[in-house]
Amino acid sequence: MADRVLAVVSIKPKVGEAAKALGLPFRLVSIDELERVNHGCATPPSDELRRLGVRGGVAELAALAAGGTSLLLRKIVVGRVTVAVARV
(Lines give C-alpha, C1' and ligand atoms only; values in the text may rest on other atoms or scores of the structure.)
Protein backbone atom coordinates (compact mmCIF):
# COMPACT_ATOMS: atom_id res chain seq x y z
CA MET A 1 0.00 0.00 0.00
CA ALA A 2 2.85 2.43 0.79
CA ASP A 3 3.90 2.25 -2.86
CA ARG A 4 0.57 3.92 -3.73
CA VAL A 5 0.87 6.71 -1.15
CA LEU A 6 2.27 9.85 -2.76
CA ALA A 7 2.66 11.94 0.39
CA VAL A 8 1.82 12.35 4.05
CA VAL A 9 0.31 15.77 4.70
CA SER A 10 -0.34 17.44 8.05
CA ILE A 11 -0.53 20.71 9.94
CA LYS A 12 1.68 19.14 12.61
CA PRO A 13 5.44 19.09 11.89
CA LYS A 14 5.96 16.04 14.11
CA VAL A 15 4.01 13.93 11.59
CA GLY A 16 7.01 14.36 9.31
CA GLU A 17 8.94 11.96 11.56
CA ALA A 18 6.39 9.20 10.93
CA ALA A 19 6.46 9.88 7.19
CA LYS A 20 10.25 9.63 7.19
CA ALA A 21 10.14 6.35 9.13
CA LEU A 22 7.75 4.99 6.48
CA GLY A 23 9.95 6.27 3.66
CA LEU A 24 7.24 8.64 2.42
CA PRO A 25 7.45 12.30 1.40
CA PHE A 26 6.01 14.78 3.88
CA ARG A 27 4.27 18.07 3.20
CA LEU A 28 3.47 20.53 5.98
CA VAL A 29 0.37 22.61 5.26
CA SER A 30 -0.83 25.71 7.06
CA ILE A 31 -4.27 26.37 8.43
CA ASP A 32 -4.54 29.14 5.81
CA GLU A 33 -3.90 26.59 3.03
CA LEU A 34 -6.62 24.34 4.42
CA GLU A 35 -9.11 27.17 4.57
CA ARG A 36 -8.51 27.89 0.88
CA VAL A 37 -9.66 24.37 -0.05
CA ASN A 38 -13.29 24.77 -1.07
CA HIS A 39 -14.86 21.44 -0.16
CA GLY A 40 -18.12 21.07 1.68
CA CYS A 41 -17.65 17.53 2.98
CA ALA A 42 -14.98 18.10 5.61
CA THR A 43 -15.89 16.73 8.99
CA PRO A 44 -16.00 19.10 11.98
CA PRO A 45 -12.67 19.68 13.73
CA SER A 46 -11.81 18.23 17.11
CA ASP A 47 -11.83 20.42 20.21
CA GLU A 48 -8.01 20.53 20.05
CA LEU A 49 -8.10 21.86 16.48
CA ARG A 50 -10.81 24.39 17.33
CA ARG A 51 -8.50 25.79 20.02
CA LEU A 52 -5.86 26.24 17.29
CA GLY A 53 -8.34 28.24 15.23
CA VAL A 54 -9.19 25.54 12.71
CA ARG A 55 -12.76 25.94 11.47
CA GLY A 56 -13.03 22.78 9.34
CA GLY A 57 -11.79 19.23 9.48
CA VAL A 58 -8.10 18.81 8.75
CA ALA A 59 -7.66 15.28 7.40
CA GLU A 60 -9.90 15.63 4.36
CA LEU A 61 -8.78 19.16 3.55
CA ALA A 62 -5.10 18.23 3.89
CA ALA A 63 -5.56 15.32 1.47
CA LEU A 64 -7.21 17.66 -1.01
CA ALA A 65 -4.68 20.47 -0.44
CA ALA A 66 -1.92 18.04 -1.42
CA GLY A 67 -3.39 17.84 -4.90
CA GLY A 68 -6.23 15.44 -4.39
CA THR A 69 -9.16 15.71 -6.77
CA SER A 70 -11.75 13.83 -4.71
CA LEU A 71 -11.93 11.97 -1.43
CA LEU A 72 -11.60 8.19 -1.52
CA LEU A 73 -11.74 7.80 2.25
CA ARG A 74 -13.21 10.31 4.66
CA LYS A 75 -11.56 10.89 8.01
CA ILE A 76 -10.98 7.80 10.14
CA VAL A 77 -9.25 7.68 13.50
CA VAL A 78 -6.92 4.82 14.35
CA GLY A 79 -5.45 5.21 17.82
CA ARG A 80 -3.90 8.67 17.88
CA VAL A 81 -3.76 9.03 14.10
CA THR A 82 -6.39 10.57 11.84
CA VAL A 83 -6.29 9.72 8.14
CA ALA A 84 -8.14 10.69 4.97
CA VAL A 85 -7.29 9.57 1.44
CA ALA A 86 -7.77 11.52 -1.78
CA ARG A 87 -7.50 10.52 -5.42
CA VAL A 88 -4.89 12.43 -7.44
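Quick summary incoming for the structure in this document. (Residues numbered from 1 in each chain as written. Predicted model: local features only at pLDDT ≥ 70, side-chain atom pairs only at ≥ 80, totals over all residues. Heavy atoms only, no water.)

### Points about the overall build of the protein
Okay, step 1: Counting its secondary structure elements, the protein contains 4 helices and 4 strands.
Okay, step 2: Helices (α) and strands (β) of the protein occur, in sequence order from the N terminus, as β-α-β-α-α-α-β-β.
Okay, step 3: In terms of overall size, the protein behaves like a compact globule, its C-alpha atoms giving a radius of gyration of 12 Å where 88 residues would be expected to give roughly 12 Å.
Okay, step 4: Projected onto the principal axes, the alpha-carbon positions of the protein cover approximately 30 × 25 × 25 Å.
Okay, step 5: Counting contacts in the protein only where the partners sit at least 6 residues apart, residues at least 24 apart contribute 25% of the total.
Okay, step 6: Accessible area for the protein stands at about 6,100 Å²; split by element, carbon and sulfur atoms hold 55% of it. (Helix = DSSP H or I, 4+ residues; strand = E, 2+ residues; numbered from the N terminus. Rg over C-alpha atoms; globule rule 2.2 N^0.38 Å. Contact = heavy atoms within 4.5 Å. Areas by Shrake-Rupley, 256 points an atom, 1.4 Å probe, with all protein chains shown as cover.)

### Quick notes on the side chain of Ser10
Okay, step 1: Tracing the sequence through the fold places Ser10 in strand S1 (residues 8-10).
Okay, step 2: Only 2.9 Å separates the side chain of Ser10 from the backbone nitrogen of Lys12, close enough to count as a polar contact.
Okay, step 3: Those residues within four positions of Ser10 in sequence are excluded, and the remaining contacts are Val15, Phe26, Arg27, Leu28 and Val29. (Polar contact = N/O pair within 3.5 Å; in protein donor to acceptor, adjacent residues only side chain to side chain.)

### Quick look at a nonpolar patch on the surface
Okay, step 1: Where nonpolar side chains cluster on the molecular surface, the patch consists of Leu72, Leu73, Ile76, Val78, Val81, Val83 and Val85 and spans about 520 Å² of accessible area.
Okay, step 2: When residues of the nonpolar patch are traced back to their parent elements, those giving at least two are strand S3 (70-78) and strand S4 (81-87).
Okay, step 3: In terms of residues, the nonpolar patch owes the most to one element, S3, which gives 4 residues.
Okay, step 4: With respect to the element layout, Leu73 can be found in strand S3.
Okay, step 5: Overall, the relative accessible area of 33% leaves Leu73 in the partly exposed class. (Patch = residues over 30% accessible without salt bridge, like charges linked within 9 Å, V, L, I, M, F, W, Y side chains within 5 Å. Salt bridge = Lys/Arg side-chain N within 4 Å of Asp/Glu carboxyl O. Buried < 20%, exposed > 50% of the residue type's maximum accessible area, 1.4 Å probe, protein only.)

### Some remarks on the nonpolar core
Okay, step 1: Membership of the largest hydrophobic core is limited to 9 residues, which are Val9, Ile11, Val29, Leu34, Leu49, Val54, Val58, Leu61 and Ala62.
Okay, step 2: Of all hydrophobic cores here, the second largest spans 6 residues; its members include Ala59, Leu64, Leu71 and Ala84. (Core = buried A, V, L, I, M, F, W, Y, C linked by side-chain atoms within 4.5 Å.)

### Notes on the pairing of S4
Okay, step 1: Two elements, S3 and S4, share 6 bridges in a ladder whose sense is antiparallel. Its bridge partner lying in S4, Val78 is registered against Val81.
Okay, step 2: Here S3 folds back onto S4 in antiparallel fashion, the turn holding 2 residues, of which Gly79 has a positive phi close to 65 degrees. (Pairing = 2+ DSSP bridges.)

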